[in-house]
Amino acid sequence: LPLLPLKVVSIDRATLVKWAQREAQTRPSSARLALRHFKAFWNWCTEQKGLRDIVDQEAIKSKRLQEAVGRQMPRTDYLQRDQLTTWFENVQQIQNPIINAYLQCLLLTGARREELARLRWEDVNFQWKGITIRDKVDGSRSIPLTRYIEQVIQSLPRRNKWVFSSPSSESGRLINPAKAHTQVCRAAGLKVSLHGLRRSFKSLTEWLEVPVGVVAQIMGHKPNATAEKHYTIRPLDLLRVHPENIEKWILDQGGVKFNSRNELERLRIVGG
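The notes below deal with the structure included here. (Residues numbered from 1 in each chain as written. Predicted model: local features only at pLDDT ≥ 70, side-chain atom pairs only at ≥ 80, totals over all residues. Heavy atoms only, no water.)

**Side note on the overall build of the chain**
Point 1. Secondary structure summary: the chain contains 12 helices and 5 strands in total.
Point 2. Pairs at least 24 residues apart make up 63% of the contacts formed inside the chain by residues separated by at least 6 positions. (Helix = DSSP H or I, 4+ residues; strand = E, 2+ residues; numbered from the N terminus. Contact = heavy atoms within 4.5 Å.)

And the structure:
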């Protein structure tokens, strides 16, 4: 029972519950997402002069509707310290240098997947060693360009404005690296999503006792404490020491050896 062919006047609570129950049988996550989008559309309809008198405003308020699609359980997938060597070994075997670099940078920066995928060459300042990330929360944030990430990025081809470019993509940039990462995890015997790499960054910093406010600033999380919101300002120079230490520790735990000078030969991994 697809909803698209139906007239809005014919959509009621029973219709939505029946649709939700059917969709949730085969794709519960997609059903939950579709329901959120439909609710936003339905609320818009109730505000329109020509529609609000003909739509059933109570249709989306059914408890049975939410029960039909279920609730999303919070994901807890992340890389543990002892899994880093295996993960790096398999990632660096990826023949596509763009995906290879993207996955490593995703872990080492703690950025959101789309934030990093939309990174442009103009966002990377090789002179002052900084990266401007287009943040979904505040518009943009600046993080230090650490030595390993700098080498990885500089080794990439400059096809267009995107750092993680793709000649086969209509947009010119990397769109769906999840498939490659799934293959990596399968080969490594791991179960970690792309967002799990962001979660891994946060979890791994616990080993180093990095200040919570520093990690939040790097990852683009809103500060919680009043002092962090209004009184603590960390310029790149002050912030740099922490990402450098985090990067070095993760690479050491992963058995990754690299030349810290500006040589752009292919980086290799040495199992520990």
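**Considering the pattern of salt bridges**
Point 1. Scanning the entire structure with this criterion turns up 14 salt bridges.
Point 2. One salt bridge connects glutamate 114 with arginine 173, and the closest N-O pair in it is separated by 3.1 Å. One end of the pair, glutamate 114, is in helix α6 (residues 113–117); the other, arginine 173, is in the loop between α7 (147–154) and α8 (178–188), and 59 residues separate them in sequence.
Point 3. Taking the relative accessible area as the measure of exposure, arginine 173 reaches 6% and is therefore buried.
Point 4. Across the pair lysine 202 and glutamate 206 runs a salt bridge, and its minimum N-O distance is 3.0 Å. (Salt bridge = Lys/Arg side-chain N within 4 Å of Asp/Glu carboxyl O. Buried < 20%, exposed > 50% of the residue type's maximum accessible area, 1.4 Å probe, protein only.)

**Here we look at the sheet that holds strand β3 (residues 141–144)**
Adjacent strands of a sheet pair through backbone hydrogen bonds, lying either parallel or antiparallel.
Point 1. With respect to topology, 3 strands assemble into an open sheet ordered β1-β2-β3, the strand pairing being antiparallel. At either end of the open sheet lies a strand with only one pairing partner, and these are β1 (124–125) and β3.
Point 2. Here 4 bridges tie strand β2 (residues 130–133) to β3, and the two strands are oriented antiparallel to one another. Counted as the bridge partner of glycine 130 is proline 144 from β3.
Point 3. Across the sheet, helix α12 (residues 236–253) lies against β2 and β3, angled at about 55 degrees from β3, the strand it touches most. (Pairing = 2+ DSSP bridges. Axes fitted to C-alpha atoms, helices over the stretch in contact; angles between N-to-C directions.)

**Here we look at unusual backbone geometry**
Point 1. Backbone geometry places lysine 129, a non-glycine residue, at a positive phi of 60 degrees.
Point 2. Looking at where lysine 129 falls in the secondary structure, it is placed in the loop between β1 and β2.
Point 3. The exposure class assigned to lysine 129 is partly exposed, which follows from its relative accessible area of 27%.
Point 4. For glutamate 209, which is not glycine, the phi torsion reads 55 degrees and is therefore positive.
Point 5. Judged by relative accessible area, which is 71%, glutamate 209 ranks as exposed.

**Considerations on the environment of valine 163**
Point 1. In this structure, valine 163 sits in the loop between α7 and α8.
Point 2. Separated by 46 residues in the primary sequence, valine 163 and alanine 117 place their C-alpha atoms 8.0 Å from one another.
Point 3. If we ignore the near neighbours within four places in the chain, the residues touching valine 163 are Ile98, Leu119, Arg120, Trp121, Val124, Ile153 and Leu156.

**Structural notes on the nonpolar core**
Point 1. Counting residues in each nonpolar core, the largest one holds 55 residues, and the members touching the most others are Trp87, Leu103, Ile153, Phe164 and Ile250.
Point 2. In terms of residues, this core owes the most to one element, helix α5 (residues 97–109), which gives 9 residues.
Point 3. Excluding residues that lie within four positions of it along the chain, leucine 103 makes contacts with Trp87, Val91, Ile94, His181, Leu194 and Leu197.
Point 4. Counting residues in each nonpolar core, the second largest holds 17 residues, with Val17, Leu35, Cys45 and Val69 among its members. (Core = buried A, V, L, I, M, F, W, Y, C linked by side-chain atoms within 4.5 Å.)

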